[in-house]
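Architecture at a glance
Okay, here's what each chain looks like letter by letter:
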Amino acid sequence: MHPALSINGLRKVYANGVEAIKGIDLEVAQRDFFALLGPNGAGKSTTIGIINSLIRKTAGTIDIFGISIDEDFARAKLNIGVMPQEFNFNAFERTMDIVVTQAGYYGIPHSVATERAEHDLKLMGLWEKRHTRAIALSGGMKRRLMIARSIVHRPKLLILDEPTAGVDIDLRRLLWELLRTLNSEGTTIILTTHYLEEAEHLCRNVAIIDHGTIIQNTSIRELLKLLQREVFVMDLISPLVKTEDWSYGDAQIHIVDSNTLKVNTHRDQSLNDIFNHLNENGIQVSSMRPQSNRLEELFLSLTRSDPP
Ligand code: ADP
């Protein structure tokens, strides 16, 4: 079985001399849910642009389900759906027409396109808005419209560039559910993100790209094992009596202010133990959140010269 995506020796040097991609090899299996992680400027969008033939590569080969994009892009493209970061539909067109028109680019007969558009707009919760011009949709609706448009030709490989950038938590959850459904129905999904949490929730495998090279290519599970330490911010029910930072086992407990602690723990240390320790000292926590950015911590451990 061919991989959904196979990239070999990919390089991209922009006209201004920036070497955005410095020789990437990558393989994504069929039906995988794959994350391409990396900080801004790492080369994620360039890679997607090349796969989608919007950006011309300098060197290397790309095959989609065994079809080379150089030899037969028309056929390769039938299998790819891409959702770019920016909204790039005609804002004055109506929601339904945007999806149906897109199907037309793939030679799908109008009657089939109409049926699929109805199905997809319902799936995305946009059916009520089918006659609304895109410009009048909320940001979240526009994002869902982008997805509906990217799947109307039933691509076997769906690539999403930062699908949840700038969306609120409810919409993020909804998009996650939609993507999971598509994947469980057989669509291979690749998404770029700079949220480790997103990759953790959705994806099975991951490549981390940094400065145009792949610095890690593994399963999410293995990747998370590299995260040795985590920092949590804890809000307290009543003001602290303590005035100095302290440590408990492997955890360092830092006083941010009289109502807030920052707890830096080793991943092997149980959070329950820490809560018990705090309770024993008369400290009760009302809420807790991980202090992002965990991805940055991961980068530090990956790029550090000594082993993590
Ligand atoms: P990411 O998507 O990971 O944020 P990009 O692929 O957009 O990264 O960018 C990779 C590198 O290529 C960056 O250094 C960026 O400044 C550069 N770059 C991106 N697009 C262009 C362009 N059109 N011309 C010149 N340099 C570019």
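Residues numbered from 1 in each chain as written. Predicted model: local features only at pLDDT ≥ 70, side-chain atom pairs only at ≥ 80, totals over all residues. Heavy atoms only, no water.

**What to know about the packing of aromatic side chains**
The full count for this structure, using the stated rule, is 1 aromatic pair. Where Phe 87 meets Phe 89, the ring centres are 5.9 Å apart and the plane angle is 20 degrees; that geometry is what we call stacked. A cation over an aromatic ring shows up here: Lys 122 above the ring of Trp 127, its NZ or CZ 5.0 Å from the ring centre. We note Lys 242 situated over the ring of Trp 246; from NZ or CZ to the ring centre the distance is 4.4 Å. (Phe/Tyr/Trp six-rings, centres within 6.5 Å; stacked < 30°, edge-to-face > 60°. Lys NZ or Arg CZ within 6 Å of the ring centre and 35° of its normal.)

**Thoughts on the site of the ligand**
Every residue close to the ligand is listed here: Tyr 14, Asn 16, Val 18, Ala 20, Pro 39, Asn 40, Gly 41, Ala 42, Gly 43, Lys 44, Ser 45 and Thr 46. The contact in question runs from a nitrogen atom of the ligand to an N or O atom on the side chain of Tyr 14, over 3.4 Å. Gly 41 is positioned such that a nitrogen or oxygen atom in its backbone is 2.7 Å from an oxygen atom of the ligand. Relative to its free-state accessible area of 560 Å², the ligand is covered by the protein chains to the extent of 62%. (Near = heavy atom within 4 Å. Polar contact = N/O pair within 3.5 Å; in protein donor to acceptor, adjacent residues only side chain to side chain. Areas by Shrake-Rupley, 256 points an atom, 1.4 Å probe, with all protein chains shown as cover.)

**Considerations on the sheet that holds strand E2 (residues 19-28)**
What the 4 strands build is an open sheet, ordered E2-E1-E4-E5; its pairing is antiparallel. Of all strands in the sheet, those bounded by a partner on one side alone are E2 and strand E5 (67-68). Summarising the sheet, strand E4 (residues 59-64) and E5 pair through 2 bridges and their orientation is antiparallel. Opposite Asp 63, over in E5, you have Ser 68 as the bridge partner. With respect to the sheet, helix H1 (residues 44-51) is in contact with strand E1 (5-13), E2 and E4, its orientation differing from that of E1 by roughly 115 degrees. (Pairing = 2+ DSSP bridges. Helix = DSSP H or I, 4+ residues; strand = E, 2+ residues; numbered from the N terminus. Contact = heavy atoms within 4.5 Å. Axes fitted to C-alpha atoms, helices over the stretch in contact; angles between N-to-C directions.)

**Comments concerning the sheet that holds strand E3 (residues 33-37)**
Strands sit in the order E6-E7-E8-E3-E9-E10 across an open sheet of 6 strands; the sheet is mixed. Across the chains shown, the open sheet's two edge strands, defined by having one partner strand only, are strand E6 (80-83) and strand E10 (213-219). Adjacent strand axes in the sheet meet at a mean angle of 15 degrees, parallel and antiparallel pairs treated alike. Note: E6 against strand E7 (residues 157-161), 4 bridges, orientation parallel. Bridge pairing links Met 83 to Leu 160 in E7. Strand contacts of H1: E3, E6, E7, strand E8 (188-193) and strand E9 (205-210), with the helix running at about 145 degrees to E7, the strand carrying the most contacts. Of the strands in this sheet, E6 and E7 touch helix H5 (residues 139-151), which is tilted by about 165 degrees from E6.

**Points about the domain arrangement of the protein chain**
Here the protein chain is partitioned into domain 1 (5-224) and domain 2 (229-303). Its C-alpha centre places domain 1 at a distance of 37 Å from the equivalent point of domain 2. In this assembly, 14 residues from domain 1 lie in contact with 9 residues from domain 2. For the pairing of domain 1 and domain 2, the buried interface totals around 870 Å² over both sides, and the portion due to carbon and sulfur atoms is 69%. One can count 0 salt bridges joining domain 1 with domain 2. Inspection of the region where domain 1 meets domain 2 yields 0 residue pairs in polar contact (both at pLDDT 80 or more). Listed by contribution, the elements that provide at least two residues to the side of domain 1 that touches domain 2 are helix H7 (196-202), E9, E10 and helix H8 (220-225). Its residues placed into classes, the side of domain 1 that touches domain 2 shows 8 nonpolar, 3 polar and 3 charged. (Domains from an automatic or database assignment. Buried area = accessible area lost by both parts, 1.4 Å probe. Salt bridge = Lys/Arg side-chain N within 4 Å of Asp/Glu carboxyl O. Nonpolar A, V, L, I, M, F, W, Y, C, P; charged D, E, K, R; others polar.)

**Comments concerning the packing of H5 against helix H6 (residues 169-184)**
For the pair H5 and H6, the least separation of the axes is 11 Å and the interaxial angle reads 10 degrees. On the basis of their axis angle, the class for H5 and H6 is roughly parallel. Note on element contacts: H6 touches H5 through Leu 171, Leu 174, Leu 175, Leu 179 and Leu 182, opposite Gly 140, Arg 143, Arg 144, Ile 147 and Ile 151. Each residue belonging to the contact of H5 with H6 can be placed in one class, and the counts come to 7 nonpolar, 1 polar and 2 charged. (Parallel < 35°, antiparallel > 145°, perpendicular 65-115°, else oblique.)

**Some points on the pairing of E1**
Relative to E4, E1 runs antiparallel, the two being bridged by 5 bridges. Directly across from Leu 5, in E4, lies its bridge partner Ile 64. Across 7 bridges, E1 lies against E2 in antiparallel orientation. Bridge assignment links Ser 6 to a residue of E2, and that residue is Glu 27. A loop of 5 residues connects E1 with E2, the two strands running antiparallel in sequence, and Gly 17 in this loop sits at a positive phi of about 95 degrees.

**Side note on helix H3 (residues 95-105)**
Where H3 is concerned, the buried positions are Thr 95, Met 96, Ile 98, Val 99, Val 100, Gln 102 and Ala 103. Buried-residue contacts for H3 involve helix H4 (110-123) and H5. Just past H3, the residue Gly 107 takes up positive phi, approximately 70 degrees. (Buried < 20%, exposed > 50% of the residue type's maximum accessible area, 1.4 Å probe, protein only.)

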